[in-house]
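Results of the structural survey
In case you want the letters, here they are:
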Amino acid sequence: MFTKILLASDGSDHSNRAIDEALKMVDPYKDQVHIEVVYAVDGDQSKKDVLQYGDSDTASLKRKEKFQSTIEYIEDKGLGAEITILHGQPAETLIEYANEGDYDCVLVGSRGRNKFQTLILGSVSHKLVKYVNHPVIVVK
Amino acid sequence: MLTSSMKQQWFGNIRGDVLSGIVVALALIPEAIAFSIIAGVDPMVGLYASFCIAVTIAFVGGRPGMISAATGAMALLMVTLVAEHGLEYLLATTILTGILQFILGVFKLARFMKFIPKSVMVGFVNALAIMIFTSQLQHFENEGWIVYVLVAATLGIIYLFPYINKTIPSTLVAIIVMSIVVVSMGIDVRNVGSMGELTQTLPIFALPDIPLNFETLAIIFPYAAALTIVGLLESLLTASIVDDFTDTESDKNQESRGQGIANVVSGFFGGMAGCAMIGQSVINVKSGGRGRLSALVAGVTLMFLIIALGNIVVQIPMAALAGVMIMVSISTFDWGSIRNLHKVPATDASVMIVTVLTVVITHNLAYGVLAGVVLSMIFFAVKISKVRVLSLYMNEGQKRIYYVQGQLFFASVTEFQEAIEFNESDLVKEVVIDLSESHLWDDSAIGALDSVEAKFEQKGIDVTFIGLNGESQRLLNKLGGVSKSSGH
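These remarks concern the structure in this document. (Residues numbered from 1 in each chain as written. Chains lettered and ligands numbered in written order. Predicted model: local features only at pLDDT ≥ 70, side-chain atom pairs only at ≥ 80, totals over all residues.)

**Considerations on the overall build of chain A**
In terms of regular secondary structure, chain A is built from six helices and five strands. Each helix and strand of chain A, ordered N terminal to C terminal, gives the series β-α-β-α-α-β-α-β-α-α-β. Computed over the C-alpha atoms, the radius of gyration of chain A is 15 Å, within 12% of the 14 Å expected from 2.2 N^0.38 for a compact globule of 140 residues. Expressed along its principal axes, the backbone C-alpha trace of chain A runs to roughly 45 × 35 × 25 Å. For chain A, the residues scored as buried account for 34% of the 140 residues in total. In chain A, 77% of the contacts between residues at least 6 apart in sequence involve partners at least 24 apart. (Helix = DSSP H or I, 4+ residues; strand = E, 2+ residues; numbered from the N terminus. Rg over C-alpha atoms; globule rule 2.2 N^0.38 Å. Buried ≥ 20, exposed ≤ 12 C-beta atoms within 10 Å, placed from the backbone. Contact = placed C-beta atoms within 7 Å.)

Shown next as structure tokens:
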């Protein structure tokens, strides 16, 4: 039974679709489930956010706010939820974080790139599947 | 005196710092040369500056993991100084800039940087990008179509190479490939060698050769003041970005002092003024750099490469450097600010645009910042000077109460006084002005209350002010004025 779930999110629609799939999956026993939504801030995002919000503290606050509705959405369905914000290259940071905690499963939305794009760009979901030591579910 | 946190800042991440330092050094070389050429000095001036600043900042900076060197923002401010007075005056200006920045750091004035509004910051960054781009246009002149092909090829490599390998800086690959192409095919275009000499020696200590008098100071001070502001602005902005990426805090005042010391050192060793670099710092932390060691390794590697490979560096075609600078300009520009232009308040958008336009017209980033700050202040004063006054009659028309909402200060007192009806009917014997949702800020506010009271008293109407908050009450007591309104 998956009760402790890590959901790797980039704040996009694909990630939100992953949330909906998770909700369907654990629906029978949803009151025991806790979802930790994890978001990694990379260098270019830092630059963009600091420029937009002025300083690092405000940027952190805005990111928390951005995910607040996601958290509320999950909690409204009767599950536990929290947001964790990490700093670093998304794939590497998420893998390290996931492997340090004990999760029943790691969930990630796929960006839906085509084969050629994935071939040259690589994908976060691909790396998670390969290097995370827990079951990984990729939602297409 | 190596405390444990210092030890952590230096040796907490040796492998990551050494590798990222080397990557940064490779990316710094073309930029340092290109920025020297923007400023109108020999390539060595920018390279010495990058070496001195990077190494000095490693020891005295406040933000480990941040990279400082010769930068485009600073180079753009020096153009007219160099053209009119020459290199020696630039070195003296660099030293003065360092002294000014150090003083600002000592007096902990870094926090005043927060008075520079966000929209001015965005305008600054965008203006910088535009200036870097336009400064490259000279390299297209009198060279024929081949230059366009070379620049396009450079940009192609810069943007496509990361799909093959992300560790090696693609700018360096582009420069090497383009140099080989130009030299082997014997294409006749300008190269770094034709822009100035590359001496392949370590920088040496020297005093700038200038007359030490008031006239000199009058020449260099305005430039030093502009360099001080722009240097600290970009450095503290970069520090915030590195803070955010690494999720750690940094000492902004120590960073200001550090930037100062680094510029003094740079000036004495024949380098131009510099500051922190957003692009290079992002490259550094992305490549795993976190500690002071990364900046040291970057500086030392840069100098080593120049001494070892100087005669190859002169072969780099200017077209390749122009390509790198165009990339720098594209990545510096805050594209999000254009996408969000219709979403942000019109006042913020116009502050941003005015900042950019001022820079593009005056070719001086400092004027742009100044214009942006002044315009923001005016907008702020206009927004906050809105005063609402409501009133109602009581006791069958014998008493009238005014409720004042908003800030009372020099810009808002006229609106406040206009809202009060002085030509009351004879029935009204008493006027109460409720200031509980207001705040008195200055002498003008007190003066306005005085004049309101005087005008009513001429008509034999009693005036009472109620609901003053503590600070307003103290101001009122201090400035005297309305004697009997105290109390309540």
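**Quick look at the environment of B:Ile229**
Residue and element names in this part refer to chain B. In this structure, Ile229 sits in helix H9 (residues 214-246). The spacing of Ile229 and Ala366 is 137 residues in sequence and 7.1 Å in space, taken between C-alpha atoms. Excluding residues within four positions of it along the chain, Ile229 makes contact with Ala366 and Val369.

**Regarding the interface of chain B and chain A**
Accessible area lost on assembly of the parts is the figure often given for the size of an interface. Of the residues lining the interface, 18 residues belong to chain B; the matching set on chain A comes to 16 residues. Broken down by element, the residue count for the side of chain B that touches chain A peaks at six residues, all from H9(B). For the side of chain B that touches chain A, the per-class residue count stands at nine nonpolar, three polar and six charged. (Nonpolar A, V, L, I, M, F, W, Y, C, P; charged D, E, K, R; others polar.)

**Some thoughts on the sheet that holds strand E6 (residues 462-466) of chain B**
Residues and elements named next belong to chain B. Reading across the sheet, the four strands line up as E3-E4-E5-E6 and stay open at both edges, with mixed pairing between neighbours. Taken across any chain shown, the strands that pair with only one partner, and hence form the sheet edges, are strand E3 (388-394) and E6. On average, each strand axis in the sheet is inclined to that of its neighbour by 20°, with strand direction left out of account. (Pairing = 2+ DSSP bridges. Axes fitted to C-alpha atoms, helices over the stretch in contact; angles between N-to-C directions.)

**What to know about the packing of helix H7 (residues 145-160) of chain B against helix H13 (residues 318-332) of chain B**
Residue and element names in this part refer to chain B. Across the interface, H7 lies against H13 with an axial gap of 8 Å and an inter-helix angle of 50°. The pairing of H7 with H13 is recorded here as oblique in orientation. Here H7 runs over H13; the crossing is right-handed. The residues of H13 that touch H7, namely those facing Val147, Leu150, Val151, Thr154, Leu155 and Ile158, are Ala319, Ala320, Ala322, Gly323, Val324, Ile326 and Met327. Tallied by class, the residues present in the contact of H7 with H13 amount to 11 nonpolar, two polar and no charged. (Parallel < 35°, antiparallel > 145°, perpendicular 65-115°, else oblique. Left-handed = near helix turned anticlockwise from the far one by under 90°.)

**With respect to the packing of helix H5 (residues 87-106) of chain B against helix H10 (residues 252-268) of chain B**
Residue and element names in this part refer to chain B. For the pair H5 and H10, the least separation of the axes is 7 Å and the interaxial angle reads 160°. Compared by their axis directions, H5 and H10 come out roughly antiparallel. Classified by chirality, the crossing of H10 by H5 is left-handed.

**A few points about the sheet that holds strand E1 (residues 4-9) of chain A**
All names here are of chain A. Reading across the sheet, the five strands line up as E3-E2-E1-E4-E5 and stay open at both edges, with parallel pairing between neighbours. Each edge of the sheet is formed by a strand with only one pairing partner; in this case those strands are strand E3 (80-87) and strand E5 (136-139). Averaged over all pairs of adjacent strands, the angle between strand axes in this sheet comes to 25°, irrespective of strand direction. Pairing of E1 with strand E2 (residues 34-41) involves six bridges; the strand directions are parallel. When the bridges of E2 are listed, Ile5 appears paired with Ile35. Where helix H4 (residues 90-100) meets the sheet, it contacts E1, E2, E3 and strand E4 (105-109), and its direction lies at approximately 145° from that of E2.

**A short note on helix H15 (residues 346-362) of chain B**
Residues and elements named next belong to chain B. Taking 1.5 Å per residue as the helical rise, H15 with its 17 residues ought to reach 24 Å, and the 24 Å between its terminal C-alpha atoms agrees with that figure. Within H15, the full set of buried residues consists of Asp348, Val351, Met352, Thr355, Val356, Thr358 and Val359. Projected down its long axis, H15 shows its buried positions confined to an angular sector of 160°, all on one face. The exposed set on the far side of H15, more than 90 degrees from its buried face, consists of Ala346 and Ile361. (Expected span 1.5 Å × (residues − 1). Arc of directions from axis to C-beta.)

**Observations regarding the pairing of E6(B)**
Residue and element names in this part refer to chain B. Bridge count between strand E5 (residues 430-440) and E6: five bridges; the pairing is parallel. Its bridge partner being in E6, Val432 is matched across the sheet by Thr464. A crossover connection joins E5 to the parallel E6 through helix H18 (residues 443-458); in handedness this β-α-β unit is right-handed. (Right-handed = clockwise from strand over helix to strand, strands pointing away.)

**As for helix H2 (residues 14-39) of chain B**
All names here are of chain B. Here H2 contains 26 residues, and its C-alpha end-to-end distance of 35 Å stays within 8% of the 38 Å for a straight helix at 1.5 Å per residue. Of all the bends in H2, the largest measures some 35° and sits at Leu28, one to four residues before the proline Pro30. Summarising burial for H2: 21 of the 26 residues are buried, a large majority. Residue Gly40 follows H2 closely and has a positive phi angle near 90°. (Bend = angle between axes of the 7 residues up to and from the residue.)

Any functional reading would require information beyond the geometric quantities listed.
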